[in-house]
Amino acid sequence: MIALLGLHALLFLAISLKAVLTPHMVGPVEARVLNLARWWQAGALPYSDGGRLPALWNPYGPLYEGLCALLPSWPGHPYLWPRLLSLASAVGILGVVAMSVRRQTGSWRPGVVAALLLLTARPMLSYAPRCQVDALAAFLSVLGWALATQARSRAAAAAGVLSMGLAFHTKLTAVAALVACGVALWRADRRRALWVGTGWLAVAGGGFLWLQHATEGDYLAGALMGNAPASRGKAADMLTRPLTTSLAWIAAAIVMWRAAPAEARRVLRPHAWYLGFGLAVASLAAANPGSSWNFLLEPYIALAMLTGVLLGGAANGGAPRGWRSPGALITAHLLLALPCSARVAYKDWRAVTRHRPAFLAARVRLAPLAQAGGRVALYDSLAGTDALLSLGGRNPVDLPEELRPRSEALLRRALREGEIGAVLRGEGLVAWGSAE
């Protein structure tokens, strides 16, 4: 089991390094997030109802984008520092998982196993090293959950509340940790549960009201536009996805849970609540456009912590009859996960390889315009937007497919009024529209 965990860790490291060093996007959301960060750098709050330029689809909170705007921009590789921020957040997640398990079991061994086990989860493999909000939001969520439910001092608990509030301002659907924390504390200490809920409302609600005022109501409009249901049938699909890649891991957790004594189950209820509410949020958010495995990151974190604490108890005599150790099912999961993870990595990088020629061609096409300071808008061109960002530019129009008529009307008006000099459309970057 330890050898297989080590192989998965090496695979995760290789995938992460390749992603970090790639000078163009490795996923379509990366270009959107980096474009939003560029508008932060320009001094604009990138939230819009789609009625004026910049018209941007921004369903995220301001924290990750704002941090990316503050980071240095590497010439020719604008994704480097944002990806390193995400990767540092992923390392933080592993640290919180290991320390949380160690705190409850008194041993580092199950904590390290839980952290390495998390590296076999597809959300960690595919999204941890990307220029996306998911890793930072998950780190702040699990850190806040651990501090609020396990810390003894009030100062540490307050830091946990602040962390969960900042997670909300990173990704607006990052609320599973708060709900799980509130339910777990309500059953043990209602005064502390009310205190945590009130503190979170002050951080999350206060920031929300300020952003609503600063953007003249566009913050909520952008959030609703980006989180509008697009595929209601994906909810069941999201709930069943872990069964396709982690069935043996889930079976191991269930077997150990059933073998655990009643007192141990009571201690583990906060983990179970976190896992359950994480799956519920992922299921509800699955209807959003662009939702994928990234919404399962928090449920996998909760499952890893739950498994680690159960393994710590099983090592002390809690293993169910008929098994030498709970590690048998975990080893079976690792044996199955290794080829699955390699296949995921291969598919992801095949898509990156297909994108590279279009990116390079768009960069050659846009370089003279960027050097001349041309005010260019790109429409329906992912490779063009990626190339424009690598040249230090930013795109003023990025609305969902459902708002195509609004995008075209905005571009025509901007051309007439001289807000932009040219519109290039499609992956071929063909001139579109006119100033007449």
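Enquirer: How do you make sense of the packing of aromatic side chains when you look at a structure like this?
Expert: Counted under the stated rule, the structure contains 8 aromatic pairs. Taking the centre distance of 5.3 Å and the plane angle of 25 degrees together, the rings of Trp145 and Tyr274 count as stacked. Separated by 129 residues along the polypeptide, Trp145 in helix H7 (residues 134–150) and Tyr274 in helix H14 (residues 262–285) bring together distant segments of the chain. The burial state of Trp145 is the same as that of Tyr274; both residues are buried. Centre to centre, the rings of Phe168 and Trp200 are 5.5 Å apart; their planes meet at 70 degrees, and the pair counts as edge-to-face. One end of the pair, Phe168, is in helix H8 (residues 154–168); the other, Trp200, is in helix H10 (residues 190–214), and 32 residues separate them in sequence. For Phe168, a relative accessible area of 14% corresponds to the buried category. One aromatic cluster is present, built from ring pairs that chain together Trp40, Tyr47, Phe208 and Tyr219.

Enquirer: What's the story with the pairing of strand S4 (residues 422–425) in this structure? I'm lost.
Expert: For a regular strand, the rule is simple: side chains alternate between the two faces of the sheet. Where strand S2 (residues 376–379) and S4 come together, 4 bridges link them in parallel fashion. Residue Tyr379 lies in a different strand from S4, and its bridge partner there is Arg425. Relative to strand S5 (residues 430–431), S4 runs antiparallel, the two sharing 2 bridges. Note on S5: the bridge partner recorded for Leu424 is Ala431. Here S4 folds back onto S5 in antiparallel fashion, the turn holding 4 residues, of which Gly426 has a positive phi close to 75 degrees.

Enquirer: Looking at this structure, I do not really get the layout of surface pockets. What am I missing?
Expert: Leftover empty space is mapped by rolling, across the atoms, a probe with the size of a water molecule. Approximately 1,000 Å³ is the volume attributed to the largest pocket. For the lining of the largest pocket, the secondary-structure elements that each account for two or more residues are helix H2 (28–41), helix H16 (327–371), S2, helix H17 (382–390), strand S3 (397–398) and helix H18 (404–417). Of the residues contributing to the lining of the largest pocket, the split by class is 21 nonpolar, 15 polar and 11 charged. Thr149, Ala188, Arg266, Val267 and Pro270 are the residues nearest the centre of the second largest pocket, which is lined by 16 residues in total. Examining the composition of the lining of the second largest pocket, we find that 6 residues originate from one element, H14, more than from any other. In the lining of the second largest pocket, the residues fall into 7 nonpolar, 4 polar and 5 charged.

Cut-offs applied
Residues numbered from 1 in each chain as written. Predicted model: local features only at pLDDT ≥ 70, side-chain atom pairs only at ≥ 80, totals over all residues. Heavy atoms only, no water. Phe/Tyr/Trp six-rings, centres within 6.5 Å; stacked < 30°, edge-to-face > 60°. Helix = DSSP H or I, 4+ residues; strand = E, 2+ residues; numbered from the N terminus. Buried < 20%, exposed > 50% of the residue type's maximum accessible area, 1.4 Å probe, protein only. Pairing = 2+ DSSP bridges. 1 Å grid on protein atoms, 1.4 Å probe; cavity = no way out; pocket = protein on both sides within 12 Å on 5 of 7 lines; lining within 4 Å. Points joined across faces, edges and corners; volume = space filled by probe spheres on them. Nonpolar A, V, L, I, M, F, W, Y, C, P; charged D, E, K, R; others polar.

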